[in-house]
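These are the residues of each chain, in order.
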Amino acid sequence: MTNILLILLLQLVYVPLLTLRTIFLVKNLTLFAAIFGILEMLIYVFGLSLVFNGDQSLLAMIVYAVGFGLGMFLGTKIENKLAIGYVYITINTQKKNQELIDTLRTNGFAITTYVGEGRDSERFKYEILAKRNREKELFSLVESIEPKAFIISYEPKSFKGGFLVDRMKKQAREFKKTLK
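Below: a short report on this structure.

Cut-offs and rules
All residue numbers refer to position in the chain's written sequence, counted from 1. Given that the model is predicted, a residue must reach a pLDDT of at least 70 before its local features are reported, and side-chain atom pairs must reach 80 or more before they are shown or counted; all residues, however, enter totals for whole chains, interfaces and linings. Excluded from the side-chain calculation are hydrogens and water; included are all heavy atoms of the structure. Helix and strand assignments follow DSSP, with helices taken as H or I runs no shorter than four residues and strands as E runs no shorter than two, numbered in order from the N terminus. When a residue's accessible area, from a 1.4 Å probe over protein chains only, is under 20% of the maximum for its type it is buried; when over 50% it is exposed; and in between it is partly exposed. Only heavy atoms enter the contact rule, under which two residues are in contact if any of them lie within 4.5 Å. For every accessible area listed, the method is Shrake-Rupley and the probe measures 1.4 Å; residues are considered covered only by the protein chains on display. Aromatic rings from Phe, Tyr and Trp, with only the six-membered ring used for Trp, were paired whenever their centres fell within 6.5 Å, and each pair was classed as stacked if the ring planes differed by under 30 degrees, edge-to-face if by over 60, and tilted otherwise. Only strands joined by at least two bridges in the DSSP assignment are considered to pair. By salt bridge we mean one thing: a side-chain nitrogen of Lys or Arg within 4 Å of a carboxyl oxygen of Asp or Glu. In this scheme, patches are assembled from residues that exceed 30% relative accessible area and form no salt bridge. Like charges are connected within 9 Å, while nonpolar side chains (Val, Leu, Ile, Met, Phe, Trp, Tyr) are connected within 5 Å. Note on method: axes are straight lines fitted to C-alpha atoms, helices fitted across the in-contact stretch only, with angles between N-to-C directions ranging 0 to 180 degrees.

### Observations concerning the overall build of the protein chain
Here is step 1 of the chain: The secondary structure content of the protein chain amounts to 6 helices and 4 strands.
Here is step 2 of the chain: Helices and strands in the protein chain line up, N terminus first, as α-α-α-β-α-β-β-α-β-α.
Here is step 3 of the chain: Within the span of the protein chain, comprising 180 residues, buried residues form 32% of the whole.
Here is step 4 of the chain: A separation threshold of at least 6 residues defines the contact pool for the protein chain, and within that pool the share at least 24 residues apart is 74%.
Here is step 5 of the chain: In the structure as shown, the protein chain presents an accessible area of about 12100 Å², 62% of it carried by carbon and sulfur atoms.

What follows is the structure, encoded as structure tokens:
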């Protein structure tokens, strides 16, 4: 019975590591991906050896599979809490909403506005690049001021230049100064 619980525990550690490693690879954070990959393989080999060691019980195999599923759920929850990376958000409204623009800027969001042509009238488009951990906050702000806004969120793979990149470089320089 100890082996069964150990198999479940190992899967609850292994699969979140697998999930995070995959996300780190997609986000080009290769050092973290490599470290997580090493830990992941150590746990994987040990866990699998427990499953196939001795009498190869059906219960051990089922617990291994259930642990994998629970680990996927746990890994996704952890990644959502970490909210690594950035989101590119597009907001569309029927009228220009200066209150929305001012509120977003006051709350630290860099926003670019455009006027477009919709089917029936002009439309106003706002583009924002923000840290992913602020996505819910941004959605809440928009919904509180412009409840009928059409909002789309994307995860950019890479970007270069602009207000946000300049601010990140400045913060990195200031951080390095504090370390000295």
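Alright, that's what it looks like, and here's the rest.
### Thoughts on the environment of Lys96
Here is step 1 of the chain: In this fold, Lys96 is placed in the loop between strand S1 (86-93) and helix H4 (98-106).
Here is step 2 of the chain: Owing to a relative accessible area of 51%, Lys96 belongs among the exposed residues under this scheme.
Here is step 3 of the chain: When the C-alpha positions of Lys96 and Thr113 are compared, they lie 9.1 Å apart, and in sequence the two are 17 residues distant.
Here is step 4 of the chain: Lys96 has contacts with Ile101, Phe124 and Tyr126, leaving out every residue within four places of it along the chain.

### Digging into the packing of aromatic side chains
Here is step 1 of the chain: A full pass over the atoms with the stated rule returns 4 aromatic pairs.
Here is step 2 of the chain: Measuring from ring centre to ring centre gives 5.5 Å for Phe24 and Phe32, while their planes differ by 35 degrees; the resulting arrangement is tilted.
Here is step 3 of the chain: Of the residues examined, Phe24 reaches a relative accessible area of 7% and is grouped as buried.
Here is step 4 of the chain: Here the aromatic rings of Tyr88 and Tyr154 are separated by 6.1 Å at their centres, their planes lie at 35 degrees, and the arrangement is tilted.

### Things to note about the pairing of S1
Here is step 1 of the chain: Among the 8 residues of S1, 6 are classified as buried, and the element is accordingly described as predominantly covered.
Here is step 2 of the chain: Across 8 bridges, S1 lies against strand S3 (residues 122-131) in antiparallel orientation. Bridge assignment links Ile91 to a residue of S3, and that residue is Tyr126.
Here is step 3 of the chain: As paired strands, S1 and strand S4 (residues 150-154) are joined by 5 bridges and run antiparallel to one another. Among the inter-strand pairings, Thr90 is bridged to a residue of S4, identified as Ile152.

### Let's talk about the pattern of salt bridges
Two side chains carrying opposite charge are able to pair once their charged atoms lie near each other.
Here is step 1 of the chain: Taken as a whole, this structure holds 6 salt bridges when the rule is applied.
Here is step 2 of the chain: Arg134 is paired through a salt bridge with Glu137; the nearest N and O atoms lie 2.9 Å apart.
Here is step 3 of the chain: Arg134 sits in the partly exposed class, given a relative accessible area of 23%.
Here is step 4 of the chain: A cluster of three or more residues bridged by salt bridges with shared partners is formed by Glu79, Arg132 and Glu155.

### Remarks on the environment of Ile151
Here is step 1 of the chain: Tracing the sequence through the fold places Ile151 in strand S4.
Here is step 2 of the chain: With 24 residues separating them along the chain, Ile151 and Glu127 place their C-alpha atoms 10.0 Å apart.

### Digging into a nonpolar patch on the surface
Here is step 1 of the chain: A cluster of nonpolar side chains, namely Phe52, Leu58, Met61, Ile62, Val66 and Leu70, defines an oily patch on the protein surface of about 550 Å² accessible area.
Here is step 2 of the chain: Looking at which element gives the most residues to the nonpolar patch, the answer is helix H3 (residues 58-82), with 5 residues.
Here is step 3 of the chain: Assignment of secondary structure puts Leu58 in helix H3.

### Quick word on the sheet that holds S3
Here is step 1 of the chain: In space, the 4 strands of this open sheet follow the order S2-S3-S1-S4, with antiparallel pairing throughout. Only two strands of the sheet have a single partner each, and these edge strands are strand S2 (111-117) and S4. Shown here is a sheet whose adjacent strand axes are inclined to one another by a mean of 20 degrees, direction ignored.
Here is step 2 of the chain: Strand contacts of H4: S1, S2 and S3, with the helix running at about 155 degrees to S2, the strand carrying the most contacts.
Here is step 3 of the chain: Against the sheet, helix H5 (residues 135-145) engages S1, S3 and S4, with an angle of about 10 degrees to S1.

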